[in-house]
Every structure is written in structure tokens, then in C-alpha cells.
Amino acid sequence: MSGTRIFVTGATGVVGRRVVPLLVAAGHAVTAVGRSPEKRSALERQGAAAVDVDLLDAAALRRALHGHDAVLNLATHMPRSTNRMLLPSAWRENDRVRRDGSAALVDAMLAAGVPRLVQESFAPIYEDGGDAWIDESWPVRPAPYNESVLDAERSEARFTERGGTGVVLRFALFYGPDSTFLHDAMPIARRGWLALPGDASAFVSSVSHDDAATAAVAALGVPAGIYNVTDDEPLTRGAWGTALAAALGAPPPRPLPRWLTRLGGSTLELLSRSQRMSNRKLRAAAGWAPRYTSVREGFAAVERRILRS
């Protein structure tokens, strides 16, 4: 699917700013949303046509989408720090983006006749799976703070029901040199603690920002449906923490006290679940494979990039 017109929301986020140059390099004509002059200038330097469009402005969206072949909806509004992620109020704007913005975008796409949607979603909403492999049919149970994930997915389903090709990408736990969570986790790891809640034997699935970006581009050619985006080898939390400590030159970490997890309520309960996710469906449909098999390789690469920056 080269040489097509692609509209990208969330184009200046941690995944979007990697997606735009990949699309341009593949020969696509890219229209990317930037909400400030500085962001639009950065997008133009990457080779995109930059526009300022409010996701809740249906008329403006219809005009902006006219003539496009696909939309990559990567728009989110994440809290500024890991600590703020524990506050329900910090997620209100993200809820509006996922619930109202995704619905308005689908309405505009249907009106403008855009045939394909790739919708960002969040994989760690699955029920605890122990050591079983989790595919896209596994039951989901979001926490109150991220129930709007399913609102965005319902908008994609409505798009497909109306004749479009809708794709949902359920991204695993992100990491990268510009990851807020990882930067918050590093000093915790250097002090000898595991930065993830939950039992050390519980699995956590991860994906680097770079691999998430290549998956988003690959999703432009897959059939409608839901796809997990994760690395090949999810690790237990203990192994995840050891991999981060090794990249930092720190000793293997101790698990966080169980009482601390309980204090975090439903948010930390969700983040404590054992989720060993499979990427088999996306690999088969798109021929996609992550660059980093697991965080063992990925954390080492991230640390080198941070030291060079």
C-alpha cells in the first residue's frame, strides 16, 4: 500500500513522530496533525503536510480528510508523569480524545469516504492469564481510568460495520529513550527496586516505540480486526527488572511491597496482572516482526541512545 494519502493524528507523540518519517520514506503522501506552530514546523521538516485540526470539530475533520486513503489515529493525551497516572482526574482529557475524538473521527471518515482506519489501543486491559499465551480473543477488563480504550475500539467496530476496514492495534507496555515511564523507572531501579507492581513471577508484555511505529505502518495492509503489538518474548516482572538493572549497571531489583500495590487501587491492580501476550496474528497478517525480541535487547539499546543524547 505505497503511494497513498495517509492522515495521521497524534503525529507528534512518541509513536507518531516515528511513524511519519517511515510513511514518507515509503512514498506515501502524509498529512499530519500538529496543534502548535512548532509542532507543525517539525512535521513539515519530516516531509509531511502539517495541519491544525481539532478532533472534536466534525466539519473541519471532514474537510481535512477529503481525498485520503487511510487514517492512523494515534492521538492520546497521557498524564505528564507516572505519579499523575494514579490520579483519575489526570485521565479526563485522554478519555475525551479516545471516546469523543475517535467517534468524531469515524463520523468524518464515513462522510469523507476514507476507506481504512488504524486505531491505537492499549493491550494491558486483558484479564490475568498466568503463564498462558494471550491472544486477541482473551477476555478484557479495563480499570475505571482506562475504560475509554473500549470506547475507541467500539468506534473502530462501527467503522467496519459501515463498510470500512477498521484495524485496532493493542499496544503493549511502551518503552524507549523518550518514555516517561522508563525515565521514572530508572532511578527506582538504580536504588535496587523493581519499578513494576505485581508478583515477580507474573508476565509483562512490552514493545519499543520504534517497533510500535513499524507495526502501525504495517497495519495499513492487514485485514480488519484487532491485533496485539508486543515483542516476541514477554518476560516475568523479575526478569524485566533484571534486564533494566543490567542495562543500567545496577544490581538485580527487589519486588515492591504488596501493600504498596494495594494502595494503588484498580490502576495498580490492572498493571499487576500477568499478561503474556502473543503477536502471532500481526506477524502472520503483516509479515511484521519487532526489531527487539525482548526488553533484554531493547533496554540495552535504549540506554546507549540515552547516553549519546
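Before reading further, recall that the structure is shown in the block above.
All of these numbers come straight from a predicted model, not from anything done at the bench.

Details of the side chain of S155
Phase 1: Along the chain, S155 falls in helix α5 (residues 148-161).
Phase 2: A relative accessible area of 6% means that S155 is categorised as buried.
Phase 3: The residues contacting S155, other than those within four sequence positions of it, are S102, A103 and V106.

With respect to α5
Phase 1: In this model, α5 (14 residues) spans 20 Å end to end at C-alpha, consistent with the 20 Å of a helix rising 1.5 Å per residue.
Phase 2: Those residues of α5 that fall on the buried side of the exposure criterion are S148, V149, L150, A152, E153, S155, E156 and F159.
Phase 3: Structurally, α5 contributes buried residues whose contacts are with α4 (92-112), β5 (116-122), β7 (165-171) and β11 (225-229).
Phase 4: Looking at the residues trailing α5, positive phi occurs at G163, about 110°.

As for the packing of aromatic side chains
Phase 1: Scanning all chains against the criterion turns up four aromatic pairs.
Phase 2: Pairing F171 with F174 gives two aromatic rings, centres 5.2 Å apart and planes at 45°, and the pair type is tilted.
Phase 3: Residue F171 is classed as buried on the basis of its relative accessible area, which comes to 1%.
Phase 4: For the pair W240 and F299, a centre-to-centre distance of 5.2 Å together with 85° between the ring planes defines the contact as edge-to-face. In this pair, W240 is assigned in helix α8 (residues 237-248) and F299 in helix α12 (residues 295-308), connecting sequence segments 59 residues apart. Each member of the pair, W240 as well as F299, is classed as buried.

A look at a nonpolar patch on the surface
Phase 1: A grouping of W259, L260 and L263 is seen on the molecular surface, where their side chains present a nonpolar patch of about 340 Å² in accessible area.
Phase 2: Mapping L263 onto the fold places it in helix α9 (residues 258-263).
Phase 3: Look at L263 and you get exposed, because its relative accessible area is 65%.

With respect to the pairing of strand β4 (residues 70-73)
Phase 1: Residues of β4 alternate between two faces, with A70 and L72 on one and V71 and N73 on the opposite face, all of them buried.
Phase 2: Examined bridge by bridge, strand β1 (residues 5-9) and β4 share four bridges and lie parallel to one another. Along β4, the bridge assignment pairs V8 with L72.
Phase 3: Pairing analysis gives four bridges linking β4 to β5, with the strands arranged parallel. Following the sheet pairing, V71 is matched in β5 by L117.

Thoughts on the pairing of β7
Within a regular strand, the side chains alternate between the two sheet faces.
Phase 1: Burial runs high along β7: six of the seven residues are buried.
Phase 2: Examined bridge by bridge, β7 and β11 share five bridges and lie parallel to one another. The partner of V167 across the bridge, within β11, is G225.

Overview of the pattern of salt bridges
Phase 1: In the structure shown here, the tally under the stated rule is 16 salt bridges.
Phase 2: Salt-bridge contacts for R18 lead to D210; the nearest nitrogen and oxygen are separated by 2.7 Å. Remark: D210 occurs in helix α7 (residues 209-218) and R18 occurs in helix α1 (residues 16-25); sequence separation between them is 192 residues. The pair formed by R18 and D210 is uniform in burial state, with each residue classed as buried.
Phase 3: The shortest N-O distance in the salt bridge between R141 and E269 comes to 3.4 Å. On the criterion of sequence distance, the pair formed by R141 in the loop between β6 (133-134) and α5 and E269 in helix α10 (residues 265-272) is long-range, its members being 128 residues apart.
Phase 4: Residue R141 is classed as partly exposed on the basis of its relative accessible area of 35%.

What counts, and at which threshold
- Residues numbered from 1 in each chain as written.
- Predicted model: local features only at pLDDT ≥ 70, side-chain atom pairs only at ≥ 80, totals over all residues.
- Heavy atoms only, no water.
- Helix = DSSP H or I, 4+ residues; strand = E, 2+ residues; numbered from the N terminus.
- Buried < 20%, exposed > 50% of the residue type's maximum accessible area, 1.4 Å probe, protein only.
- Contact = heavy atoms within 4.5 Å.
- Expected span 1.5 Å × (residues − 1).
- Phe/Tyr/Trp six-rings, centres within 6.5 Å; stacked < 30°, edge-to-face > 60°.
- Patch = residues over 30% accessible without salt bridge, like charges linked within 9 Å, V, L, I, M, F, W, Y side chains within 5 Å.
- Areas by Shrake-Rupley, 256 points an atom, 1.4 Å probe, with all protein chains shown as cover.
- Salt bridge = Lys/Arg side-chain N within 4 Å of Asp/Glu carboxyl O.
- Pairing = 2+ DSSP bridges.

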